[in-house]
Amino acid sequence: MKRGILFLIFLIGAITITHAQPLNPAPANLPVKLISFKASVVNGSTNLTWQTAAEINSKEFVVEHSVEGTQWTKVGVVNAAGNSSVTQQYAFTHTQPAEGLNLYRLRTIDFDGSSELSTTLRVAINNALVSGIRLYPIPVSDHLIVDLTEFKESFTYTIIDANGRELKRGIVTRNKQRIGLQELKPGVYFFKTEQSGAIRFVK
C-alpha cells in the first residue's frame with residue numbers, strides 16, 4: 001500500500017512538472033514596422049521616402065523597380081537602422097525612371113536573411129520631352145496625344161512593341177495630334193520617328 005501511495009505521489013508530481021512548462025512559445029520578433037511609403041516626381045526623377053516605427057535586426061532596404069509588374073530590378077540599397085524603437089526616416093532617388101508607368105516596392109532584409117515586401121507604388125512619368133515631342137496621357141488609355149513644341153512639316157510615325165514589331169503607322173500633320181490605340185493590349189510600346197528615334201510609353 002505504501003508503495004502504491006508513493007507511486008501515486010510521484011505520478012502527480014510528474015504531471016505537475018509537465019504542465020508547468022509554457023504551453024505557447026514566446027512570440028517571434030516583430031518585423032520592421034513600415035508606417036509610410038511615398039513617391040513624388042521632381043525634375044524627371046522619382047523621389048521615394050519611407051518611415052519605420054520600429055525595427056528589429058534590420059539590415060537594409062532594397063528598392064525594386066518594374067514597368068510591367070512581372071519583372072523587378074534592384075535600383076538601390078539603403079542601410080537600415082538595425083534595432084530601433086523610434087521613428088526612422090529614409091529616402092532614395094531613382095534618377096532614371098521609365099517614361100510612362102513606373103512601379104516601386106521595398107524589400108526589407110534582416111541580418112538573418114529573411115525578407116518582407118512592402119505594398120507597390122505606381123508613379124507616372126508623363127512630362128518627358130524628347131526632340132520637341134511630348135506624349136501624354138501616360139499610362140495611355142484609348143488614345144495618345146502627340147504634342148510638338150514646334151511644328152515644321154508632316155512626318156511619319158510608327159508604333160512598335162517591346163519586341164520591335166510594328167503595330168501601327170501614320171502621319172503627324174499638326175502640332176497636337178490624337179492617335180487612337182484602342183486595339184493595343186496593356187504593355188510597353190514605343191512611338192518612333194526618323195527625327196526623334198523611339199519614345200517609350202506604357203498602356
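These figures come from a predicted structure and were not determined experimentally. Position labels on residues start from 1 in each chain and follow its written sequence. Under the rules for a predicted model, residues below a pLDDT of 70 receive no local features and side-chain atom pairs below 80 are neither given nor counted, while totals for whole chains, interfaces and linings still include all residues. The side-chain numbers reported here are obtained from all heavy atoms of the structure, hydrogens and water having been left aside.

**Concerning the sheet that holds strand β1 (residues 33–42)**
Then, number 1: The three strands lie next to each other as β1-β2-β5, forming an open sheet whose pairing is antiparallel. If you trace the sheet from one side to the other, it starts and ends with β1 and β5 (88–94), each paired once. Pairs of neighbouring strands in the sheet enclose a mean axial angle of 15 degrees, with direction left out of account.
Then, number 2: Any two strands are treated as partners once DSSP identifies two or more bridges connecting them. Think of it this way: any DSSP run of H or I at least four residues long counts as a helix, any run of E at least two long counts as a strand, and we number them from the N terminus. Where strand β2 (residues 45–54) meets β5, seven bridges bridge the pair, whose relative direction is antiparallel. Every axis in this analysis is a line fitted to C-alpha atoms, fitted for helices over the stretch in contact. Angles between the N-to-C directions lie between 0 and 180 degrees.

**Points about the confidence of the model for the protein chain**
Then, number 1: Confidence of the predictor at the level of single residues is captured by pLDDT, which takes values from 0 to 100. Summarising the model, the protein chain shows a mean pLDDT of 80, and 80% of its residues fall at 70 or more.
Then, number 2: Mean pLDDT in the protein chain bottoms out at helix α1 (residues 2–20), which sits at 39, and peaks at strand β3 (residues 58–66), which reaches 96.
Then, number 3: In what follows, residue pairs with any heavy atoms lying within 4.5 Å of each other are defined as contacts. Note on residues 4–28: pLDDT is under 50 here. Beyond four places in sequence and across chains, it has zero contacts.

**Details of the pattern of salt bridges**
Two side chains carrying opposite charge are able to pair once their charged atoms lie near each other.
Then, number 1: Here, a salt bridge means any Lys or Arg side-chain nitrogen found within 4 Å of an Asp or Glu carboxyl oxygen. Evaluated as defined, the whole model comprises five salt bridges.
Then, number 2: Between Glu-64 and Arg-105 there is a salt bridge, and its shortest N-O distance comes to 2.6 Å. With Glu-64 in strand β3 and Arg-105 in strand β6 (residues 100–110), this residue pair connects regions lying 41 residues apart in the sequence.
Then, number 3: With a shortest N-O distance of 3.0 Å, Arg-169 and Glu-166 are connected by a salt bridge.
Then, number 4: Each residue's exposure class comes from its accessible area (1.4 Å probe, protein chains only) as a fraction of the maximum for that residue type: buried when under 20%, exposed when over 50%, partly exposed otherwise. The exposure class assigned to Arg-169 is exposed, which follows from its relative accessible area of 52%.
Then, number 5: One connected set of salt bridges, linked through shared partners, spans Glu-64, Arg-105 and Arg-107.

**A look at the pairing of strand β9 (residues 133–136)**
Then, number 1: What you see with β9 is a clean split: Ile-133 and Leu-135 sit on the buried side and Arg-134 and Tyr-136 on the side with no burial.
Then, number 2: The pairing of β9 with strand β10 (residues 143–148) spans four bridges and is classified as antiparallel. Note on β10: the bridge partner recorded for Arg-134 is Asp-147.
Then, number 3: Taking the residues that link successive antiparallel strands as the turn, the β9-β10 hairpin has six residues.

**Brief notes about the environment of Phe-92**
Then, number 1: Here Phe-92 is to be found in strand β5.
Then, number 2: Here Phe-92 falls in the buried class, since its relative accessible area comes to 17%.
Then, number 3: Along the primary structure Phe-92 and Asn-47 are separated by 45 residues, whereas in three dimensions their C-alpha atoms are 6.0 Å apart.
Then, number 4: Other than its neighbours up to four places away in sequence, Phe-92 contacts Thr-46, Asn-47, Leu-48, Trp-50, Val-63, Val-75, Gly-76 and Val-78.

**Concerning the packing of aromatic side chains**
Both the distance between ring centres and the angle between the ring planes are used here to describe each pair of aromatic rings.
Then, number 1: Note on aromatic contacts: the rings of Phe and Tyr and the six-membered ring of Trp form a pair at centre separations within 6.5 Å, being stacked when their planes are under 30 degrees apart, edge-to-face when over 60 apart, and tilted otherwise. In this structure the tally under the stated criterion is six aromatic pairs.
Then, number 2: The interplanar angle of 85 degrees and the centroid separation of 6.3 Å between the aromatic rings of Phe-37 and Trp-50 together place this pair among those described as edge-to-face. In this pair, Phe-37 sits in strand β1 while Trp-50 sits in strand β2, placing the two residues 13 residues apart along the sequence.
Then, number 3: Aromatic pair Trp-50 and Phe-61: ring centres 5.6 Å apart, planes at 65 degrees, arrangement edge-to-face.

**Structural notes on the sheet that holds β9**
Then, number 1: If you trace the three strands from one edge of the open sheet to the other, you get β9-β10-β13, paired in antiparallel fashion. Only two strands of the sheet have a single neighbouring strand rather than two, namely β9 and β13 (176–180). Geometrically, the sheet is characterised by an average inter-axis angle of 20 degrees between neighbouring strands, direction not taken into account.
Then, number 2: Two elements, β10 and β13, share five bridges in a ladder whose sense is antiparallel. The residue bridging Ile-145 from the neighbouring strand is Arg-178, located in β13.

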